[in-house]
Amino acid sequence: MSGSRLIVEVGSEEIPAGYLAPALEALRERLAGLLIGAPQGYERIEVWGTPMRLAVGAWGLLSKAEDEVREVIGPPASAGFDAEGRPTKAALGFARGQGVEVQDLTRVMTAKGEYLAVQRTVPGRRAMDVLAEQLPGLILGLPFPKSMRWGRGEVTFVRPIHWVLAVLDGEVIPFSLGEIKSGEVSYGHRFLSPGPIAIRTPDEYEERLAKAQVVVSVEKRRDLVRREVDRTVAERQEGLRVLPDEGLVAEVANMVEQPVAVCGRFDAAFMELPGELLITAMREHQRYFAVTDEAGRLKPFFAAVNNTRTRDMGLVTLGHERVLRARLDDARFHFSEDQRRPLASRLEDLKKVVYHALLGTSFEKVTRTRALAGHLAERLAPDLKPLVLRAAELCKCDLVTGVVGEFPSLQGVTGRILAERDNEPAEVSRAIEEHYLPVRAGGELPRSPVGVILSLADKMETIAGCFGVGLSPTGGTDPYALRRQALGVIHILLDQGFRLSLGGLIDQALAGLGSFLTRPAEEVRAEVLEFFRLRLKFHLTSQGASTDGAEAVLSLHHDDILAAAARVRALEEIKGRPDFRDLAVAFKRVVNIVRKFGEQRPLDPFALAQKEEKDLYQALSEAAAKAQDQARAEDYAGLLRRIAALKPQVDRFFDEVLVDDPNPAVKRNRLALLTEAAALFAEVADFSKIST
Amino acid sequence: MTASKSLTFQELILRLHEYWAAQGCVIQQPYDIEVGAGTFHPATLLRALGPEPWRVAYVEPSRRPTDGRYGENPMRTQHFYQYQVLLKPSPLDIQDRYLDSLKSFGLDPLDHDVRFVEDDWESPTLGAWGLGWQVWLDGMEITQFTYFQQAGGVELAPISVEITYGLERLSMYLQNVDNMFDLAWNEHVTYGDVHHQGEVEHSIYNFEQADVSMLLTMFDLAEAESRRLVEKGLVLPAYEFCLKCSHLFNLLDARGAISVTERTRFIARVRNLARAVALAYVKQREDLGHPLLGRWGGSS
């Protein structure tokens, strides 16, 4: 690879694991943007990062950008010289202003005629200068969720900066970040190889740091973490396996520079605790991996990933075992305390928990969810109503348990386990856990009928409540995860094939809010419906529907989500056909005319005189009769085909018939005919929204 | 754990005193008012304000009434000790200095996995927050390490670094015991001999006996007094009454006497006091001409 090579590394105190990936991505993008704009260009950029360093290498830069010739246009050529060909004041002034002689002026042809001009050469900038000027801002501007100051407090960064390595083609790029001056030196592992290392090129960066016990590639550290935990667990005892946990691999990999795993064990007496609790206690407090046998059954072992290879890893293992014992003791304490009273008795405790200052206590939230769930059960599964109501009462009771206080991620799971131990009906226990599903977009959905109903009710209540008191998501912020919950409702409805009126459900939820509602219900209803429309559009387009197709369908109505989705599918199908474009143009014409002159009803068929309008009426009447049956049967594809079959009649109508007839009665009746046509199309979609 | 195994609880404190004294710290003494953490000591919270340099280390008995377990939990108590260090401005090599302090009582990073794990700190009652880590020793949290960004609602410059060692945790590790009451305080007496009875009695008091209406009255009185004193420019007495409010609030909380909505209001009341004191302190130091500027060989 030719061209200049750049290596930059910022050494800092330990950067939070979750901050690393977005910062490295920004580093890559911003350097690329800088190089393209400079314009030094680049052939390849690579980023590396550990808790103690953010680094970027770039290859194939221009060490000096090419000179740029810029043309400055002056007065018209005709005004520049007099009849004798002598330069006028205009030409002289322009030349002087540009610092050139009159004879250096050139002539250029523009759209407005011939003009005088100057060609100026702007020398390209040196990469060294551009980088020295731009890197400080680029580095200090990297995005972190939280930044800080230190020492005298001049500089803000994620953590205190200790060194900056910045070398272009073997030469230091001179700049400062606060007190720290750039140099050509990096540092190795804090404990294993703490000395300075000279780095001259990006090519040697990874290898030199590896020798200094630092694995700078995030991807390689992840691989190493996987290999290390597998190794230590296999060495400990035959038949043991690490419970796969990619989220933990990613987090742990960004907490270390040199992953070294050890496998420890804990007292088998703890195995009486629920598996979820053991796994979570290890994972969330200690970032330890759980261990199973070959059949996937949990075993009393764990794998801990360290940042260093100590003189005696056995001593480190003992330390981890002691910490975990205390953690598991704590978990056991909470779990046994939680079992001292029935889960149901905690409903009363929810009266002391504020759900939201504007929306009352958790008890009030549960009461509203319960009512909405009961209403849904009556519609969808009346037999299950008693179970649904019970599950609704219990679904938030685990929020006041010790286990969930310690491990919030075990909400729902803890409720299910405690309900099982209280001998609540199996459907109720299961629903308590399932009502939180899906926990992320595309995640597992509730499956049990009681869980499905409760999940819908809980989410709709939350959404209606938040909108009802003005807590709707704005721009990038969605603190109550309402978008995810609305998408969850949509996924569940589609998954279950439930037919229900979204508007009706919103009304029911809003009614349940009673005096908590701080805004007019009609306004909130419209906002929530629109919110769902956008979520549904997002869902359908992410499933492959075109944006204009989804918009055309959803701009009409989406009260029945299932039907709306079916209409989009049907439209997408017909959109793929070769003759669709013409068809859409014809329909648009109809809709546009109706919009322009206004809808007219009723149609007087006997007043139609011209053949083409009678033909259209005839075809329309036949289609409309069948279309209604098809709409009822949700055969939207068939309906669209039927509409498509009208194209010849529509075309002939427009070719031969003048809508804007001088006779107002005739004009009105023709508009009425087109209104009928538009109404038929509107069974499926607003065709004017389709780009043709 | 070799030689360090025999280090008693009090020896650990002595080692820390010795180490941080050598770093130029003022070895101050615990504050004689109940506080929830070493941060509340005016040697930390107030000294962190303003431009003057400061270096201090002290033990702070810390009270968290809700953490009482009647002396039955091996690791959780309503009274425990923190070893608190504050360096202002934060030196760039502070992590190394901290690691050296571990070596001074026998914990060598070549023998243990010592790690700085993200943990940000915030005290809503003090209007203070900072960024930093908890320090893990083979997975055990032994220290809280924080760069203060704000205190008493006031932006800080220069920045102080606060290092808080959990003395019982650390000592349990060094002595290899699993119950803090079994710690050897010295060769003759255990931690339990010194503190167990207090844990039992205070737990009973905090959870069962504390007179709620008396505490509420005391809170109102202390709040009014703090306000009155701050207006008179008596910054330190005003701060003491602010601290009393904070502890009274904690007692009321342990007693379950504060509903959730009231809770936020109580916290805001204490924070308002802390803020008034912080602003008054900043002004007072200014009026005094920042007498500590230039100490510790600082350039200013």
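Small disclaimer: the values here were computed from a predicted structure and weren't measured.

Asker: Just checking my understanding: could you explain the sheet that holds strand S16 (residues 298-306) of chain A for this structure?
Answerer: Through backbone hydrogen bonds, the strands of a sheet pair up, either in parallel or in antiparallel fashion. All names here are of chain A. Read from one edge of the open sheet, four strands run S13-S15-S16-S14, paired in antiparallel fashion. A single partner strand is all that each edge strand has here, and the edge strands are strand S13 (241-242) and strand S14 (260-265). Of the pairings in the sheet, the one linking strand S15 (residues 289-292) to S16 comprises four bridges and is antiparallel in character. Residue pairing in the sheet places Thr292 in a bridge with Leu298 of S16. Packing against the sheet, helix H6 (residues 218-236) makes contact with S13, S14, S15 and S16, and its axis sits at approximately 35° to S14.

Asker: Whenever I open this one, the domain arrangement of chain B confuses me. Can you help?
Answerer: Reports often express the size of an interface as the amount of accessible area lost when the parts come together. Residue and element names in this part refer to chain B. Here the domain parsing of chain B yields domain 1 (2-206) and domain 2 (210-287). Averaged C-alpha coordinates put domain 1 and domain 2 at centres separated by 24 Å. Looking at side-chain class alone, the side of domain 1 that touches domain 2 contains twelve nonpolar, eight polar and four charged residues.

Asker: When you look at the sheet that holds strand S4 (residues 68-76) of chain A in this model, what are you seeing that I'm missing?
Answerer: Residues and elements named next belong to chain A. Strand order in the open sheet formed by three strands is S4-S6-S5, with antiparallel pairing between adjacent strands. Of all strands in the sheet, those with a lone pairing partner are S4 and strand S5 (106-110), marking the two edges. Neighbouring strand axes in the sheet, compared pairwise and without regard to direction, differ in orientation by 45° on average. As judged from the five bridges shared by S5 and strand S6 (residues 113-122), these two strands associate in the antiparallel manner. Residue pairing for S6: Arg107 is matched across the bridge by Leu116. Contacts from helix H3 (residues 89-98) reach S4 and S6, with the element oriented near 155° to S4.

Asker: Looking at this structure, how should I read the environment of Leu324 of chain A?
Answerer: All names here are of chain A. Within the element layout of this structure, Leu324 appears in helix H9 (residues 313-338). With 25 C-beta atoms packed within 10 Å, Leu324 lands in the buried category. Here the alpha-carbon distance between Leu324 and Ala564, two residues 240 residues apart in the chain, equals 52 Å. Non-local contacts of Leu324, meaning those with residues more than four positions away in its chain, are made with Gly264, Phe266, Met282, Gln286, Tyr288 and Phe302.

Asker: What should I look at first to understand the interface of chain A and chain B in this one?
Answerer: In this complex, chain A contributes 32 residues to the contact, which on the side of chain B involves 29 residues. When residues of the side of chain A that touches chain B are traced back to their parent elements, those giving at least two are S16 and H9 of chain A. In terms of residues, the side of chain A that touches chain B owes the most to one element, H9 of chain A, which gives six residues.

Asker: Would you explain H6 of chain A in this entry?
Answerer: In an α-helix, one turn spans 3.6 residues; hence positions three or four apart end up facing the same way. All names here are of chain A. Between the first and last C-alpha of H6 there are 27 Å, a value that for 19 residues agrees with the 27 Å anticipated at 1.5 Å per step. By the burial criterion, the buried members of H6 are Arg221, Leu224, Val225, Glu228, Val229, Thr232 and Val233. Looking down the long axis of H6, one finds its buried residues gathered within 150° of arc, a one-sided arrangement. Exposed side chains of H6 directed beyond 90 degrees from the buried face belong to Glu219 and Arg227. Those residues of H6 that are buried lie in contact with S13, helix H7 (246-253), S14, S15 and S16.

Asker: Could you clarify how one ought to interpret the packing of helix H15 (residues 449-468) of chain A against helix H18 (residues 521-542) of chain A in this entry?
Answerer: The description of two packed helices rests on the angle between their axes and on the distance between the axes. Residue and element names in this part refer to chain A. Closest axis-to-axis distance for the H15/H18 pair is 10 Å, and the angle between their directions is 125°. As judged from the angle between their axes, H15 and H18 are oblique. For the crossing formed where H15 meets H18, the hand is right-handed. Listed contacts from H18 to Ile463, Ala464, Phe467 and Gly468 of H15 are Val524, Glu527 and Val528. Of the residues that constitute the contact of H15 with H18, the class distribution is five nonpolar, one polar and one charged.

Asker: Any chance you could explain the nonpolar core here in plain terms?
Answerer: Across soluble globular proteins, nonpolar side chains show a tendency to be buried alongside one another. Of all hydrophobic cores here, the largest spans 261 residues; its most connected members are Phe302, Ala303 and Ala391 of chain A together with Val277 of chain B. Ranked by the residues each element gives to this core, the list is headed by helix H7 (residues 235-254) of chain B, at twelve residues.

Asker: I would appreciate a short explanation of the domain arrangement of chain A in the present structure.
Answerer: Here the domain parsing of chain A yields domain 1 (4-64 + 126-211), domain 2 (68-122), domain 3 (218-338), domain 4 (357-543) and domain 5 (574-689). Summarising the inter-unit geometry, the C-alpha centres of domain 2 of chain A and domain 3 of chain A are found 78 Å apart.

Asker: Could you clarify how one ought to interpret the confidence of the model for chain B in this entry?
Answerer: Put simply, chain B has an average pLDDT of 94, and 97% of its residues get 70 or more. We note a pTM of 0.83 for the whole complex and an ipTM of 0.94 for its interfaces.

Asker: Honestly, the pairing of strand S3 (residues 53-61) of chain A in this entry has me stumped. Any pointers?
Answerer: On a regular strand, one side chain projects to one face of the sheet and the next to the other, so that they alternate. All names here are of chain A. The buried fraction of S3 is high, at seven of nine residues. As judged from the seven bridges shared by strand S2 (residues 44-50) and S3, these two strands associate in the antiparallel manner. Across the sheet, Trp48 pairs through a bridge with Ala55, a residue of S3. Adjacent in sequence and paired antiparallel, S2 and S3 are bridged by two residues.

Definitions and limits used
Residues numbered from 1 in each chain as written. Chains lettered and ligands numbered in written order. Predicted model: local features only at pLDDT ≥ 70, side-chain atom pairs only at ≥ 80, totals over all residues. Pairing = 2+ DSSP bridges. Helix = DSSP H or I, 4+ residues; strand = E, 2+ residues; numbered from the N terminus. Contact = placed C-beta atoms within 7 Å. Axes fitted to C-alpha atoms, helices over the stretch in contact; angles between N-to-C directions. Domains from an automatic or database assignment. Nonpolar A, V, L, I, M, F, W, Y, C, P; charged D, E, K, R; others polar. Buried ≥ 20, exposed ≤ 12 C-beta atoms within 10 Å, placed from the backbone. Expected span 1.5 Å × (residues − 1). Arc of directions from axis to C-beta. Parallel < 35°, antiparallel > 145°, perpendicular 65-115°, else oblique. Left-handed = near helix turned anticlockwise from the far one by under 90°. Core = buried A, V, L, I, M, F, W, Y, C linked by C-beta atoms within 7 Å. pLDDT = per-residue confidence, 0-100.

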